[in-house]
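Report on the structure
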Amino acid sequence: MIRDSADAVVVGGGVVGCSIAYHLAGRGATVVVIERDKLGSQSTGRCAGGVRRQFSSSANVVMQQLSVRLLAGLEAETGVDPEFRHIGYLFVLTSDKQVEDFRRFLPMWHQAGVSDARWLEPKEVRELAPLVEGDDILGGTFCPSDGIASPHAVTLAYSGAARRLGVTLLEGVAVDGIVHRAGRVEAVRTTAGEISTSAVFNCAGAWAGQIGAMAGIDVPVSPYPRNIFVTDPMPEVTRRHPMTIDFATSFYFHPEGDGLLFGMGMADERPSFDTGVDWTVLEAMAEVVERRAPRLATAGIQTAWAGLYEMTPDHQPILGPVDQLEGFWCACGFSGHGFQQAPAVGYLLAQWFSGEDPQLPLDIFAHRRFATGNVEPENNVV
Ligand SMILES: Cc1cc2nc3c(=O)[nH]c(=O)nc-3n(C[C@H](O)[C@H](O)[C@H](O)COP(=O)(O)OP(=O)(O)OC[C@H]3O[C@@H](n4cnc5c(N)ncnc54)[C@H](O)[C@@H]3O)c2cc1C
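Read on for an overview of the structure. (Residues numbered from 1 in each chain as written. Predicted model: local features only at pLDDT ≥ 70, side-chain atom pairs only at ≥ 80, totals over all residues. Heavy atoms only, no water.)

1. Things to note about the side chain of Arg52
Quick reminder of the rule: Numbering of helices and strands runs from the N terminus, with a helix taken as a DSSP run of H or I at least four residues long and a strand as a DSSP run of E at least two residues long. A 3.5 Å cut-off defines polar contacts: any pair of N or O atoms within that distance qualifies, except that in protein one atom must be a possible hydrogen donor and the other a possible acceptor, and neighbouring residues in sequence count only when both atoms are side-chain atoms. Residues count as neighbours in contact if any of their non-hydrogen atoms are within 4.5 Å of one another.
Structurally, Arg52 can be placed in the loop between strand E3 (50-51) and helix H2 (58-72). Within the structure, the side chain of Arg52 is placed 2.9 Å from the backbone oxygen of Gln54, a separation counted as a polar contact. Beyond its immediate sequence surroundings of up to four residues, Arg52 is in contact with Gln64, Tyr89, Phe91, Asp146, His337, Gln340, Asn380, Val381 and Val382.

Given below as structure tokens:
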């Protein structure tokens, strides 16, 4: 039996939908979350768990400062440890342009309160990340308090706490229509019945464009499959090895269990909803891995999986209500950063929904930017 009305219906039970539901309920709203599959089973459950503040856009840096603060308090708030390991994030830089850009970012990061982010000379990069090799390294940036948290734990924290606040979380139920009249949301149609509501939150991840289409709204989010590979045990590599990103290629790796987790975006990637592992990616990465982290190249592969990035044209999320339809809110298009942004996004959108000014300005994330051209792209996309 599903609830037949709610103050807000959240479409999608990934980490973003669960965070929003929890924060809305914390401010007294009645909320239903509709998840077609299992909570956290899609991009959230397949992500690398990275949490960092080293973005090119200052709006993302300050949002991540808030997320990190919220993650620090998550266990006290919900009883679930997010397993945030502060192993640090290292960007390895190999071109003059990257050096110029990241040297410019550093004061911006410091001003936003990321006081421990620092510049590294090539020798320091190699000392800090012993797996990294290459004479082409010109330097790097490192923030020791960035790191890795558990997507499962964070989703469980928010969904469990939301349930305790009275949120209805439905799994195995799909949204198949948004009912609206005279420019206002009236109900959400699902495979288990209709829920009348004046507010719907589009938290459908890579499928957010489909939910937008149900409401007649163009939500420019495209799905891009990304593969993750995990090596056999590598006991010689410290579990404190930082999350390391070769910025030119987007090849990244970090300790995972007894081995290393790694992945990379492909230059010729195309939109698709296919989440089968593409083993040809491993071959395509071989040259980069052998050049940048040759010891990793010799390790066997223990497991692999694939998930979807949810890309917008400017690699920024779409947050807040849309102009064309009253009551239609977006929290989607995270372009590969939604796990780490979910705590802040839930908090800020719940403030906004409750009639308060969000604690941080969210203008550059507005859906209307695609019409007005008021765009500030995020460039530090991995
Ligand atoms: C390989 C990989 C590595 C990543 N690494 C990182 C990282 O290190 N750090 C980071 O911050 N982010 C990372 N990301 C990105 C991150 O996973 C996503 O940005 C984040 O999980 C988005 O959360 P979400 O809740 O919006 O989406 P999802 O977790 O995909 O949740 C959306 C949900 O909506 C549901 N849904 C869709 N359509 C419907 C419908 N019609 N009715 C009902 N439900 C529906 C889906 O079933 C899904 O569960 C990575 C992603 C991938 C694929």
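Next comes the rest of the account.
2. Focus on unusual backbone geometry
Our working definition: Here's how the labels work: a residue is buried when its accessible area is under 20% of the maximum for its type, exposed when over 50%, partly exposed in between, all with a 1.4 Å probe on protein chains only.
Unlike most non-glycine residues, Glu83 shows phi in positive territory, near 55°. Note on placement: Glu83 falls in the loop between helix H3 (74-78) and strand E4 (89-93). What makes Glu83 partly exposed here is its relative accessible area of 47%. Here the phi dihedral of Ala182 falls at roughly 50°; this positive angle occurs in a residue that is not glycine. Structurally, the position occupied by Ala182 is in the loop between strand E9 (175-181) and strand E10 (184-190).

3. Brief notes about the sheet that holds strand E17 (residues 301-311)
Rules: Two strands are said to pair when DSSP picks up at least two bridges between them. Here an angle of 0 to 180 degrees is reported between the N-to-C directions of two axes, which are lines fitted to C-alpha atoms, with helices fitted over the stretch in contact.
Spatially, the eight strands line up as an open sheet ordered E5-E6-E4-E14-E15-E16-E13-E17, and their pairing is mixed. The open sheet terminates on both sides in strands that have one partner only, identified here as strand E5 (118-120) and E17. Between one strand axis and the next, the sheet turns through 20° on average, direction left out of account. Pairing of strand E14 (residues 243-246) with strand E15 (residues 251-256) involves three bridges; the strand directions are antiparallel. Bridge pairing links Asp246 to Phe251 in E15.

4. Some words on helix H8 (residues 280-292)
In plain terms, the rule: Expected span of a helix, by definition, is 1.5 Å for each gap between consecutive residues, and there is one gap fewer than residues. Bend is computed residue by residue as the angle between axes fitted to the seven residues ending at the residue and the seven residues starting at it.
Over its 13 residues, H8 extends 19 Å from the first C-alpha to the last, a length consistent with the 18 Å expected when each residue adds 1.5 Å. Along H8, the sharpest kink reaches roughly 45°, centred on Ala286. Taken together, the buried positions of H8 are Val281, Met285, Val288, Val289 and Arg292. Where H8 is buried, its residues touch strand E13 (222-231), E14, E15, strand E16 (259-263) and helix H9 (294-297).

5. Considerations on the site of the ligand
Here is the rule: One heavy atom within 4 Å of a molecule or strand is enough for the residue carrying it to be called near that molecule or strand. Note on areas: Shrake-Rupley, 1.4 Å probe, and residue coverage restricted to the protein chains presented here.
Near the ligand lie 36 residues; those nearest to it are Glu35, Thr44, Gly50, Glu310 and Gly338. Between a nitrogen atom of the ligand and a main-chain N or O atom of Ala48, the distance comes to 3.1 Å. Contacts to the ligand include Glu310, whose side-chain N or O atom sits 2.4 Å from an oxygen atom. In the complex, the protein chains occlude 98% of the 1,000 Å² of accessible area that the ligand would expose alone.

6. Remarks on the sheet that holds strand E1 (residues 8-11)
Taken together, the six strands give an open sheet; going across it, the order is E8-E2-E1-E12-E19-E18, and neighbouring strands pair in mixed fashion. Single-partner strands in this sheet number two, and they are strand E8 (168-171) and strand E18 (318-321). Mean inter-strand twist for the sheet, computed between neighbouring axes without regard to direction, equals 20°. With three bridges connecting them, strand E12 (residues 200-202) and strand E19 (residues 328-332) associate as parallel partners. Bridging from a neighbouring strand, Val200 pairs with Phe328 of E19.

7. With respect to the packing of aromatic side chains
Filter applied, for reference: Two rings belonging to Phe, Tyr or Trp (six-membered ring only in the last case) form a pair when the distance between their centres is within 6.5 Å. Interplanar angles under 30 degrees mark stacking, angles over 60 mark edge-to-face geometry, and anything in between is tilted. We call a charge positioned above a ring when the Lys NZ or Arg CZ atom is no farther than 6 Å from the ring centre and deviates by at most 35 degrees from the ring normal.
Inspection of every chain in the model, using the stated rule, returns 17 aromatic pairs. One aromatic cluster is present, formed by Tyr89, Phe91, Phe102, Phe105, Trp109 and Phe247 through successive ring pairs. The ring of Phe55 has Arg52 sitting right over it, with the charged end atom 4.1 Å from the ring centre. Positioned above the aromatic ring of Tyr309 is the side chain of Arg226, whose terminal nitrogen or guanidinium carbon lies 4.1 Å from the ring centre.

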